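An overview of the molecular structure
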Amino acid sequence: QAVSAQRRCMGALSPSTPSQLISSSRAAKAASLGLAAAMEGMPLTLPLTKAKGASALAQARTERRLMTGALCCFLAALLGLGALYAHLLPRMEAHGGEARIPRNVEDIKSLLAVLERWSTTAPGEVLSLFCATYVFMMAFAIPGSIALSVLAGALFGFVRGMALVVGCCIVGACTCYAVSMAIGKPLATWLWPVKMRLFQEEVAKRRNRLLLYMCFIRVTPAFPNVFVNVAAPIVGIPFDIFFFTTLLGLFVTQSVPVKGGLEIASISSLSEIYSRSLPIMCLLSLVLLAPLLLPLLLKERGKKKDKAETSAGGAEKGNRGIFSGLRASWKRSRDRRKRKEDSEPVEASV
């Protein structure tokens, strides 16, 4: 339609006589109107398609850059940890040990004997190796940090071991949050599709009480900590809430394995640590959650009291309205009866 209208417009612009000039001008005007109408009716699919394709291409390039950056960070951290191990491995082997992550109580006991002998001559090397390994495992969501927490309690004592474990965990968790914000969504949906959907629904329901919900998640085994570290930026949990609840939850969840490290000689499995310290863990959870639960309970109690007072005030107002209506009706009937009594003697005298 646009091409035919343009042809009519071009043909109308070549008159040969004055009469044809007038008719050609009218035809050109009509053709231009037809061209505009045709252009208005044409679907503008080509520019929109180009814009959509450009935005998708830009998004793909951004995701590719983020994935490349995260992969470079992982490789750099892995190379740094490998260089540290390469430097300290001969000294560790000189004390009769081997470089491996402990997975059970027997591995913890054998590694503890090696590190105790090593820490007497070079405590800084033992500390740097432990911190680097712990932060790397937490930053890239590698399971197995519970055994390192038990090892920290057995090697450094409760106070220093607790401070060391909490510091390494918070640094590793914040790093994991940043990495997951960049490239974590496809990996998380591939690894935990059901948990991701459930966690996103729960967060969406409790968006107004997100701080309390995250505190509850951190001090209870509802979701694993590794999963929460990866999924938190994907479902839209702010970093300040993530940092505060992680720090609060670490004092509860890590106190049990660190305390279990003090009793490593009498423990046969890692599950025995939690079975022994379950009452202490529940008590610590209540103590840490009390400052958050108390204002919420008082607020809910105040809302219920205000609602009850409002309903009672409405009922009283309704009763007052009923009684005032009855009083007005009785007053009208009394006035009517009085007027009737006043009119009777006048009629009799007449």
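To keep things clear, this report deals only with the structure shown in the data block. The structure displayed is predicted, hence computed values, not measured ones. (Residues numbered from 1 in each chain as written. Predicted model: local features only at pLDDT ≥ 70, side-chain atom pairs only at ≥ 80, totals over all residues. Heavy atoms only, no water.)

Each helix and strand in the chain was counted, giving 13 helices and zero strands. Across the chain, helices and strands are ordered from the amino to the carboxyl terminus as α-α-α-α-α-α-α-α-α-α-α-α-α. For the chain, with 350 residues in total, the buried portion stands at 30%. Contacts in the chain between residues at least 24 apart in sequence constitute 72% of all its contacts with a sequence separation of at least 6. Summing over all exposed atoms, the chain offers an accessible surface of approximately 22000 Å²; the carbon and sulfur share of this is 66%. (Helix = DSSP H or I, 4+ residues; strand = E, 2+ residues; numbered from the N terminus. Buried < 20%, exposed > 50% of the residue type's maximum accessible area, 1.4 Å probe, protein only. Contact = heavy atoms within 4.5 Å. Areas by Shrake-Rupley, 256 points an atom, 1.4 Å probe, with all protein chains shown as cover.)

The final tally for this structure, using the stated rule, is two salt bridges. Across the pair E202 and R206 runs a salt bridge, and its minimum N-O distance is 2.2 Å. Of the charged contacts, one joins E263 and K259 as a salt bridge, the two residues approaching to 3.5 Å between their closest N and O atoms. Judged by its relative accessible area of 31%, E263 falls in the partly exposed class. (Salt bridge = Lys/Arg side-chain N within 4 Å of Asp/Glu carboxyl O.)

Further remarks concern helix α8 (residues 193-205). Since the α-helix advances by 3.6 residues per turn, residues separated by three or four positions end up pointing in the same direction. Taking 1.5 Å per residue, 13 residues should reach 18 Å; α8 reaches 19 Å between its end C-alpha atoms and fits that length. Three or more residues of α8 are buried, namely M196, F199, E202 and V203. The buried residues of α8 occupy one face: seen down the axis, they fall within an arc of 135°. In this structure, α8 carries V194, A204 and K205 as exposed residues pointing more than 90 degrees from its buried face. Taken together, the buried residues of α8 touch α7 (158-191), α9 (210-219) and α10 (225-231). (Expected span 1.5 Å × (residues − 1). Arc of directions from axis to C-beta.)

Below, the discussion takes up a nonpolar patch on the surface. Together, L71, L75 and L78 give the surface a local cluster of nonpolar side chains, amounting to about 260 Å² of exposed area. For L78, the position within the fold is in helix α3 (residues 45-94). (Patch = residues over 30% accessible without salt bridge, like charges linked within 9 Å, V, L, I, M, F, W, Y side chains within 5 Å.)

Relative to the assigned elements, L155 resides in helix α6 (residues 145-156). A residue is classified by how much of its surface remains accessible, and L155, at 15% relative accessible area, is buried. Separated by 40 residues in sequence, L155 and L115 have C-alpha atoms that sit 7.8 Å apart. Sequence-distant contacts of L155, defined by excluding residues within four places in its chain, comprise L112, L115, E116 and V126.

Before going further, it helps to examine helix α4 (residues 105-119). For α4, built from 15 residues, the straight-helix expectation of 21 Å at 1.5 Å per residue is met to within 8% by its first-to-last C-alpha distance of 20 Å. If you check which residues of α4 are buried, you get V105, D107, I108, L111, L112, V114, L115 and W118. One side-chain oxygen at the N-terminal end of α4 lies 3.4 Å from the backbone nitrogen of E106; it belongs to N104. (Polar contact = N/O pair within 3.5 Å; in protein donor to acceptor, adjacent residues only side chain to side chain.)

Below, the discussion takes up the packing of α7 against helix α12 (residues 255-262). Packing of α7 against α12 leaves a shortest axis separation of 10 Å and a crossing angle of 145°. Where α7 crosses over α12, the two elements pack in a sense that is right-handed. Contact with α7, carried on its side by F158, G161, M162 and V165, involves S255, V258, K259 and L262 of α12 and no other residues of that element. Tallied by class, the residues present in the contact of α7 with α12 amount to five nonpolar, two polar and one charged. (Axes fitted to C-alpha atoms, helices over the stretch in contact; angles between N-to-C directions. Left-handed = near helix turned anticlockwise from the far one by under 90°. Nonpolar A, V, L, I, M, F, W, Y, C, P; charged D, E, K, R; others polar.)

Before going further, it helps to examine the nonpolar core. Where a protein is soluble and globular, its nonpolar side chains tend to be buried together. Counting residues in each nonpolar core, the largest one holds 42 residues, and the members touching the most others are L115, W118, F130, Y134, L151 and I264. Sorting the residues of this core by element identifies α3, α4, α5 (123-139), α6, α7, α11 (239-253), α12 and α13 (270-349) as the ones contributing at least two each. Residues within four places of L115 in sequence aside, it is in contact with V126, L151 and L155. Judged by nonpolar contacts, the second largest core, of 21 residues, contains A188, Y213, M214 and I241. (Core = buried A, V, L, I, M, F, W, Y, C linked by side-chain atoms within 4.5 Å.)

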